[in-house]
Amino acid sequence: MKAPILVINCGSSSIKFALVDQPPGAPRISGIAERLGSHDACLKLEEEHGNRRDISLPRATHALALKTILDHLGDQRPVGIGHRVVHGGERFTCATLLDDTVVRTIRQTVSLAPLHNPANLDGITATRRLFEHLPQVAVFDTAFHQTLPAHAYRYAIPEDLYQRHGIRRYGFHGSSHAYVSERLAEVSERGHGGWLIAHLGNGCSATAVWEGESQDTSMGMTPLEGLVMGTRSGDVDPGLHLHLARQLGMSLESIDLLLNQKSGLLGVSGLTNDMRELEQAAGAGHPGATLAIEVFCYRLAKTLAGLACALPRVDGIAFTGGIGENSSLIRARTLGHLKALGVHLDSAANSALARGSEGAIHDASESGSPEIRVIPTDEEGYIASQTRALITRLALADRSEEAV
Ligand code: AMP
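From a predicted model like this one, the values you see are computed outputs, not experimental measurements. (Residues numbered from 1 in each chain as written. Predicted model: local features only at pLDDT ≥ 70, side-chain atom pairs only at ≥ 80, totals over all residues. Heavy atoms only, no water.)

Q: Quick question: what am I supposed to make of the overall build of the protein chain here?
A: Looking only at helices and strands, the protein chain features 15 helices and 14 strands. Relative to the compact-globule value of 22 Å for 404 residues, the protein chain shows a C-alpha radius of gyration of 22 Å, a close match. Here the C-alpha coordinates of the protein chain stretch approximately 60 × 55 × 50 Å along the principal axes. Roughly 19000 Å² of accessible area belongs to the protein chain as shown, and the carbon and sulfur atoms make up 52% of that amount. Separation between the mean location of the 37 positive side-chain charges and that of the 45 negative ones in the protein chain comes to 4 Å. (Helix = DSSP H or I, 4+ residues; strand = E, 2+ residues; numbered from the N terminus. Rg over C-alpha atoms; globule rule 2.2 N^0.38 Å. Areas by Shrake-Rupley, 256 points an atom, 1.4 Å probe, with all protein chains shown as cover. Lys, Arg positive; Asp, Glu negative; His and termini not counted. Charge placed at Lys NZ, Arg CZ, Asp CG, Glu CD.)

In structure tokens form, the structure reads like this:
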């Protein structure tokens, strides 16, 4: 067993955490403190043996919630803390040890992620105060995509907007894509090679990875671009905003709300953003649910085919996230649109794969064709491993400096 790392993901009124000391997939203490600041704030704990506990924390601040989390870790004291930070801009290309200068630099990226980075920073500030003696590391959602070439990350808008305001594609879900890419290299005989990875959860993104490095990705300057998601539209005509403002008198705020929270699977189906419910409703003949699934799969396939341009060859396609790991229907429908890439699905293996488990679902008799794999993601495990690796490297560097 390795020394535990506490992984923290701070939102404006929530803190998700996990104590990671085992290999990926092993049981771990985890939980979420929700509705912080309100009278019904609560800490939901999931312990190693699957026991669940709810602890009421009326009006708890982030700091009090963090203290309560630590009290419930028992005698397992973390040796370091890894923070998920949504946006690292162009400044952060890898996991980074947090000090005052790094915190100030993250603050400078707030304009790029005004909803997420301030909450992440609040969590970092509270945690650094509480655990002064522990090394703390920021792991950025954008960092994995900093290997994109300029022709993939630049938008075709005036240069000045990039140079002065940092407007470009950054990409997100980096910890998930990086984790899946590392896992693919371990489980596939084709090794690192060229992979298309589809992370399909409430948020969805696809990435082309060559030799372990991100070459292009579907999310952009914000997580709104790209695929159809639970409540996000993904790509729309940029002219839509002007049309909605001029013809329907909508404000920028209401357009933002429409595209981020009322669109996607929810908007098309008119029913729900939950894929499980959509599959049931479509099975029962609901036309909106049927169309939402069709649009979702077609747009995903179209994006994967486009991302293939970023690779010298496609060794395989991998599915992850709540939908990618669990829905054989979505995988089959999407791959049905990708015959041009030469994919051959083993339909029986696809249907038989147990929910949430790892497996290969391509027809192995078609030897030259791309592999198709399902890899359950482990973003917390990735953040913990990056944190542990950095802390270990720095400790070794300290020791070798002492030796000089
Ligand atoms: P995530 O954000 O990764 O937790 O994924 C959430 C999404 O996964 C939701 O749309 C869920 O409906 C979907 N999901 C979870 N389990 C299943 C399942 N068995 N079949 C289809 N979709 C699922």
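Past the structure itself, the notes keep going.
Q: I'm lost on the sheet that holds strand S8 (residues 136-140) in this one. Help?
A: What holds strands together in a sheet is hydrogen bonding between their backbones, with the strands either parallel or antiparallel. Taken together, the eight strands give an open sheet; going across it, the order is S5-S4-S3-S2-S1-S6-S8-S7, and neighbouring strands pair in mixed fashion. In the strand order of this sheet, the two ends are held by strand S5 (52-56) and strand S7 (96-97), each with one partner. Bridge analysis of strand S2 (residues 15-20) against strand S3 (residues 29-34) gives five bridges, and the strand direction is antiparallel. Paired with Phe17 across the strands is Gly31, a residue of S3. Running at roughly 25 degrees to S2, helix H1 (residues 62-71) makes contact with strand S1 (5-10), S2, S3 and strand S4 (42-46) of the sheet. (Pairing = 2+ DSSP bridges. Contact = heavy atoms within 4.5 Å. Axes fitted to C-alpha atoms, helices over the stretch in contact; angles between N-to-C directions.)

Q: In this structure, what is going on with the site of the ligand? I would like to understand it.
A: Near the ligand lie 13 residues; those nearest to it are Asn202, Asp274, Met275, Arg276 and Gly322. Within the backbone of Gly322, one N or O atom sits 2.9 Å away from an oxygen atom of the ligand. One of the backbone nitrogen or oxygen atoms of Ile323 is found 3.3 Å away from an oxygen atom of the ligand. Protein contact buries 76% of the 500 Å² of open area that the ligand shows by itself. Looking at the shell around the ligand, the elements that each hand over two or more residues are helix H10 (275-283) and helix H12 (321-326). Ranked by residues supplied to the shell around the ligand, first place goes to H12 with four residues. (Near = heavy atom within 4 Å. Polar contact = N/O pair within 3.5 Å; in protein donor to acceptor, adjacent residues only side chain to side chain.)

Q: Even after reading the chapter, I still don't get the packing of aromatic side chains, so can you show me in this structure?
A: Aromatic rings considered in pairs are described by the distance between their centres and by the relative angle of their planes. Tallied over the full model, the rule gives two aromatic pairs. Aromatic side chains Phe92 and Phe140 sit 4.4 Å apart centroid to centroid with 10 degrees between the ring planes, which places their arrangement in the stacked category. Linking Phe92 in the loop between strand S6 (80-85) and S7 with Phe140 in strand S8, this pair joins segments that are 48 residues apart in sequence. What makes Phe92 buried here is its relative accessible area of 6%. Judged by relative accessible area, which is 2%, Phe140 ranks as buried. The cationic tip of Arg168 hangs over the ring face of Tyr153; the distance from NZ or CZ to the ring centre is 3.6 Å. Just above the ring of Tyr170 sits the side chain of Arg168; from NZ or CZ to the centre is 4.8 Å. (Phe/Tyr/Trp six-rings, centres within 6.5 Å; stacked < 30°, edge-to-face > 60°. Buried < 20%, exposed > 50% of the residue type's maximum accessible area, 1.4 Å probe, protein only. Lys NZ or Arg CZ within 6 Å of the ring centre and 35° of its normal.)

Q: Can you walk me through the pattern of salt bridges in this structure?
A: A pair can form between side chains of opposite charge whenever their charged atoms are brought close. Taken as a whole and assessed by the stated rule, the structure comprises 20 salt bridges. With a closest N to O distance of 3.3 Å, Glu34 and Lys44 form a salt bridge. Of this pair, Glu34 sits in strand S3 while Lys44 sits in strand S4, and the two are 10 residues apart along the sequence. Given the relative accessible area of 34%, Lys44 is considered partly exposed. Sharing partners across several salt bridges, the network here consists of Arg28, Asp378 and Glu380. (Salt bridge = Lys/Arg side-chain N within 4 Å of Asp/Glu carboxyl O.)

Just geometry here; none of it tells us what the structure is for.
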